[in-house]
Amino acid sequence: RAPSLLIHAAKDEIGANLDRVQVIKGWIDADGNPQEMVYDVAWSDDRQRDANGRLPPVGNTVDVTTGSYTNAIGAPQLAVVWEDPDFDPALDAFYYVRAIEIPTPRHTLYDALALEIPVDQTGWPATIQERAYSSPIWYTP
């Protein structure tokens, strides 16, 4: 049977809500080439995948004029039981979980505001989506 992962991610009490949770799977294919697949396994805000199976962005509440954001989007926690849909019991594999927050102000936005520099002239994005990673889970046939 394919491995099943019970996944639960919760936001930091004083941090941003969660956008989505992903499982990253890596393996060596039959030709000896490394492969990687990213699966969106849980997400906030009742979004639906598009025709290509991609999840649309969660949105962005960052106010670039003040460097503030709200938790009006996203979810405080996400949970799911996920089973590998592409499992091959003959191949070594690893899995890890990645939780992604909603967009928040990047430190360069705070710097630009403090120095009164136009945000679009910093050369850096005004927002960032912070991430947390689990330890890997290894499968060996």
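### As for the environment of alanine 93
In this structure, alanine 93 sits in strand 5 (residues 93–101). Counting along the chain gives 46 residues from alanine 93 to tyrosine 139, while the straight-line C-alpha distance between them is 5.1 Å. Dropping the residues within four chain positions of it, alanine 93 is found in contact with Lys25, Gly26, Trp27, Ile137, Trp138 and Tyr139.

### Comments concerning the environment of isoleucine 7
You can see isoleucine 7 is positioned in strand 1 (residues 4–10). Judged by relative accessible area, which is 5%, isoleucine 7 ranks as buried. Separated by 73 residues in sequence, isoleucine 7 and valine 80 have C-alpha atoms that sit 5.3 Å apart.

### Describing unusual backbone geometry
Despite not being glycine, aspartate 46 shows a phi value in the positive range, around 50°. Structurally, aspartate 46 is set in the loop between strand 3 (34–43) and strand 4 (77–83). The residue glutamate 116 is not glycine, and still its phi comes out positive at about 55°. Taking relative accessible area as the criterion, glutamate 116 reaches 73% and is therefore assigned exposed.

### Some points on the side chain of glutamine 22
Position of glutamine 22 among the secondary structure elements: in strand 2 (residues 18–28). A distance of 2.8 Å separates polar atoms of two side chains, one belonging to glutamine 22 and the other to aspartate 40. Engagement of the side chain of glutamine 22 in a polar contact is seen with the side chain of arginine 98, the distance being 2.7 Å. Those residues in contact with glutamine 22 that lie beyond four places of it in its chain are Val38, Tyr39, Asp40, Val41, Tyr96, Val97, Arg98 and Ile100.

### Considerations on the packing of aromatic side chains
All told, the structure shown has 6 aromatic pairs when counted by the stated rule. Feature note: the residues Phe94, Tyr96, Tyr133 and Trp138 constitute an aromatic cluster, connected by ring pairs.

### Thoughts on the pairing of strand 2
Extensive coverage of strand 2 is indicated by the burial of 9 of its 11 residues. Across 9 bridges, strand 2 lies against strand 5 in antiparallel orientation. Residue pairing for strand 5: valine 23 is matched across the bridge by valine 97. Bridge count for strand 2 against strand 3 is 9 bridges, and the pairing is antiparallel. If you follow valine 23 over to strand 3, its bridge partner there is tyrosine 39.

### Focus: helix 1 (residues 107–115)
All of the buried residues along helix 1 are Thr108, Leu109 and Ala112. An end-on view of helix 1 places all buried positions within 105° of arc, on one side of the element. Facing away from the buried side of helix 1, by more than 90 degrees, are the exposed residues His107 and Ala114. Where helix 1 is buried, its residues meet strand 6 (104–105). In the stretch just after helix 1, glutamate 116 is the one whose phi turns positive, near 55°.

Conventions we followed
- Residues numbered from 1 in each chain as written.
- Predicted model: local features only at pLDDT ≥ 70, side-chain atom pairs only at ≥ 80, totals over all residues.
- Heavy atoms only, no water.
- Helix = DSSP H or I, 4+ residues; strand = E, 2+ residues; numbered from the N terminus.
- Contact = heavy atoms within 4.5 Å.
- Buried < 20%, exposed > 50% of the residue type's maximum accessible area, 1.4 Å probe, protein only.
- Polar contact = N/O pair within 3.5 Å; in protein donor to acceptor, adjacent residues only side chain to side chain.
- Phe/Tyr/Trp six-rings, centres within 6.5 Å; stacked < 30°, edge-to-face > 60°.
- Pairing = 2+ DSSP bridges.
- Arc of directions from axis to C-beta.

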